[in-house]
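A look at the structure
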Protein chains: 2
Amino acid sequence: MKNAANGQFYAPEGKPAPVVKPGEFVFSAIALDHGHIYGQCNGLMEAGAVLKSVYDPDEKKLDAFCVAYPQAKRAGSEEEILSDPEVRLVAGAAVTSERCALGLRVMDAGKDYFTDKAPLTTLEQLAAAKEAVKRTGKKYMVYYSERLHVETAVFAGQLIERGAIGRVVQVLGLGPHRLSAKSRPAWFFEKEKYGGILCDIGSHQIEQILFYTGAKDAVVTHSQIGNFNHPETPELDDFGDASLLTDTGAAGYFRVDWFTPDGLQMWGDGRSIILGTEGFIEQRKYMNLGTSDGPGHLFLANGKEETHYNVHGKVGYPFFGQLVLDCLNRTENAMTQDHAFKAAELCVRAQMQARVMTPQP
Amino acid sequence: MKNAANGQFYAPEGKPAPVVKPGEFVFSAIALDHGHIYGQCNGLMEAGAVLKSVYDPDEKKLDAFCVAYPQAKRAGSEEEILSDPEVRLVAGAAVTSERCALGLRVMDAGKDYFTDKAPLTTLEQLAAAKEAVKRTGKKYMVYYSERLHVETAVFAGQLIERGAIGRVVQVLGLGPHRLSAKSRPAWFFEKEKYGGILCDIGSHQIEQILFYTGAKDAVVTHSQIGNFNHPETPELDDFGDASLLTDTGAAGYFRVDWFTPDGLQMWGDGRSIILGTEGFIEQRKYMNLGTSDGPGHLFLANGKEETHYNVHGKVGYPFFGQLVLDCLNRTENAMTQDHAFKAAELCVRAQMQARVMTPQP
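The structure reproduced in this document is the subject of the present report. Just so you know, these numbers come straight off a predicted model, no measurement behind them.

**Notes on the environment of Asp217(B)**
Residues and elements named next belong to chain B. Tracing the backbone through its elements, the reader meets Asp217 in the loop between helix H9 (202-213) and strand E8 (218-226). For the pair Asp217 and Leu245, spaced 28 residues apart in sequence, the C-alpha to C-alpha distance is 8.8 Å. Among residues more than four places away in sequence, those in contact with Asp217 are Leu210, Thr246, Asp247 and Lys342. Here Lys342 takes part through its side chain, which lies 3.1 Å from a polar atom of the side chain of Asp217.

Below you can see the structure in the form of structure tokens.
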């Protein structure tokens, strides 16, 4: 359950790399609606954070969670966790449209919030979240897992930082996902709740476009959504794509979809191709198509050569330790609040602006 | 020279697969401005066509051509070829903006025309070409080499035809190219002559989007161009991308650029990813990044499995034989005139509509 990589989600486990002493940073989990909560908890715990307690109204979800993390105390209510002075941060993976409301309660209780992506689904929620961050001084951090919890993605950032491909011209992302419709809850197919495909799994992509281009802002220049092959769930966007133009003048493009076929070894053949003035990087994040070589493939081509890096188990996930320290020291090394919110804003805008495609039968 | 694959162009040689008897189909070459003429001639000759003569005002280009094809007679003028009743078809790779004018002369002389892509650079030229086709009954065929002369591209079409990935949802193409600026002629950097990046190398991509989706028409919903890193040639678009929506309701996206770094084994890591309702296809046309496995890699993922096909030398290039027979029989099996013109129209429109990006230094 902690690492159901072949199924629906990706809840990586890394090497422990604690940044604090035992007990120095305590967190809890509230809202287990999406399996990403396991990735969020794994990351924090590997950074030395202690998982104290958990709450969800659904007993079955609690049962499964407590099998994975027997140390977690089953709280009787959300309030029990919010009023626990030892808990510094609450990790949550609520229904997407409810993530902001939970965050407001968490921040109002004086704790930092670490939510699954997408962190919110409307511009009104964004305004409320921004206001609460300002008022409370707390963090509304986001588990953009397809960059933060993927070793090729971390390594790509390090390569770009050191100038390996020159200036970034374009970030292109492919985020195919397996639907596994029968295993999904009802809210997953209700647009008001999941937010639409560009908001939901598109948020990963937009965060990466901002991050790899080093942008502080961007405009969505084109976006579209469609339901090509799932008439039984008409509110599901099974396809979406979008183009962005960043304030660095670079291009961003991404495609997301729910068409991963059952014969694929992994839930999705996630790719990222980053084109620079002096070379390019391709990430084959979770698998190397047509091979059994496992995850973690990064290819770098530059003026000198092509290099195939297998970084699986070698790079780790520095975000989580940085986040723990950011919470303790009130710094922004893991991710700035502005960045987290800008990605959130743009994924909502991409969804709002999207042309609705009308596939021919 | 015939096969300068690692340099600038791709002039594939295949197995001879003649569809006519020796002498049954005679053609000539006029205008050697782009190296693609070698691919065009190779393809026709492998189909059994006989290369009779060649003309270009540039003696050096003629010298090189006649080294590659000693059987070709050096004509003293274009008119000498156009008035030769034995010549049924003229292959040409003129400066892009002059391709239409040459085609009009060829068709007016009662011969079919086979031009390098892009086949024209303006809507006015397109109107003139359409009118001439109607008036003369001759063909204005186009060497969209990145599909017609690439075995994975041919095989992908066959797979889609037999339903291997269900209905096509999106065709996504990446067409990076090596600039090799010093080896390029001046016209290559003059926009009025080369047509802009979306018209020039974008034409390959648009043709593939139409072909793989089975579309007869499409609209360009977004396009942009930029010069990110070549201030010395300000009219060069070194980057461009575009989104199309086809009349089958499918999406098309492509990126083209001149940023292939010198360390890459090939002039470009051309890819095509075709997403269907029941699976997807990835083409790694000319190389398999980070390996020395050569060209011709096609990956198919469907409900059952992932398959890596290496089709190099196995599929061949049926277009050329079909073209020769189409010319003899006045059929349209290789490519319809409408398809050739529609791709031409859309690449001009993509270029005309393109937002001009302003990269930050």
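**A word on the packing of aromatic side chains**
Residue and element names in this part refer to chain A. For the structure shown, the criterion picks out 37 aromatic pairs over all chains. Summarising the aromatic geometry, the rings of Phe114 and Phe319 are spaced 5.9 Å apart at their centres and angled 35 degrees between planes, so their arrangement reads as tilted. With a gap of 205 residues between them, Phe114 in strand E5 (residues 112-116) and Phe319 in helix H10 (residues 318-329) connect regions that are remote in the sequence. Residue Phe114 shares its accessibility class with Phe319, and that shared class is buried. Ring centres of Phe319 and Phe320 lie 5.2 Å apart, and the angle between their planes is 85 degrees; this geometry places the pair in the edge-to-face category. Among the residues examined, Phe319 registers a relative accessible area of 3% and is labelled buried. With relative accessibility at 1%, the residue Phe320 sits in the buried group. Every member of this aromatic cluster is reached through a ring pair, and the members are Trp187, Phe188, Phe189, Tyr194 and Trp258. The cationic tip of Arg147 hangs over the ring face of Phe211; the distance from NZ or CZ to the ring centre is 3.5 Å. Arg284 extends its terminal NZ or CZ atom over the ring of Phe299, reaching a point 4.1 Å from the ring centre.

**Remarks on the relation of the copies chain A and chain B**
With an RMSD of 0.0 Å, the fit of chain A onto chain B corresponds to turning through 180 degrees and sliding 0.0 Å along the axis. Accordingly, the operation relating the two chain copies is best matched by a two-fold axis. Relative to the rotation axis, the C-alpha of His222(A) is the closest in chain A, positioned 3.2 Å from it.

**Re the pattern of salt bridges**
Opposite charge on two side chains permits pairing when their charged atoms draw close. Residues and elements named next belong to chain B. Within the structure shown, the criterion is met by 52 salt bridges over all chains. The partner of Asp33 in a salt bridge is Lys61, and the shortest N-O contact between them spans 3.8 Å. Taken together, the residues Asp33 in the loop between strand E1 (26-32) and helix H1 (36-46) and Lys61 in helix H2 (residues 59-68) connect sequence positions 28 residues apart. The class of Asp33 is partly exposed, set by a relative accessible area of 23%. One salt bridge connects Arg349 with Glu345, and the closest N-O pair in it is separated by 2.8 Å. A residue pair is termed a helical-turn pair when its members lie 3 or 4 positions apart in one helix, as Arg349 and Glu345 do in helix H11 (residues 337-353) at four residues.

**Describing the interface of chain A and chain B**
In this complex, chain A contributes 58 residues to the contact, which on the side of chain B involves 58 residues. Contact with chain B buries surface across chain A, with Arg167(A), Leu289(A) and Glu306(A) losing the most and accounting together for 14% of the total. Applying the counting criterion to the chain A and chain B interface returns two salt bridges. In this assembly, chain A and chain B are joined by 22 residue pairs in polar contact (both at pLDDT 80 or more). At the level of elements, strand E7 (168-176), strand E8 (218-226), strand E9 (239-246), strand E10 (251-257), strand E11 (271-276), strand E12 (279-284), strand E13 (297-302) and strand E14 (306-310) of chain A are the ones that each hand at least two residues to the side of chain A that touches chain B. Per-class residue counts for the side of chain A that touches chain B are 22 nonpolar, 21 polar and 15 charged.

**Considering helix H7 (residues 151-161) of chain B**
Residues and elements named next belong to chain B. Burial analysis of H7 places nine of its 11 residues in the buried class, which makes it a mostly covered element. Among the residues of H7, those classed as buried are Glu151, Thr152, Ala153, Val154, Phe155, Ala156, Gly157, Leu159 and Ile160. Positive backbone phi, at 80 degrees, marks Gly163, one or two positions downstream of H7.

Each value, and the rule that gives it
Residues numbered from 1 in each chain as written. Chains lettered and ligands numbered in written order. Predicted model: local features only at pLDDT ≥ 70, side-chain atom pairs only at ≥ 80, totals over all residues. Heavy atoms only, no water. Helix = DSSP H or I, 4+ residues; strand = E, 2+ residues; numbered from the N terminus. Contact = heavy atoms within 4.5 Å. Polar contact = N/O pair within 3.5 Å; in protein donor to acceptor, adjacent residues only side chain to side chain. Phe/Tyr/Trp six-rings, centres within 6.5 Å; stacked < 30°, edge-to-face > 60°. Buried < 20%, exposed > 50% of the residue type's maximum accessible area, 1.4 Å probe, protein only. Lys NZ or Arg CZ within 6 Å of the ring centre and 35° of its normal. Least-squares fit on C-alpha atoms with pLDDT ≥ 70 in both. Salt bridge = Lys/Arg side-chain N within 4 Å of Asp/Glu carboxyl O. Buried area = accessible area lost by both parts, 1.4 Å probe. Nonpolar A, V, L, I, M, F, W, Y, C, P; charged D, E, K, R; others polar.

All quantities given are derived from atomic positions and should not be read as evidence of function.
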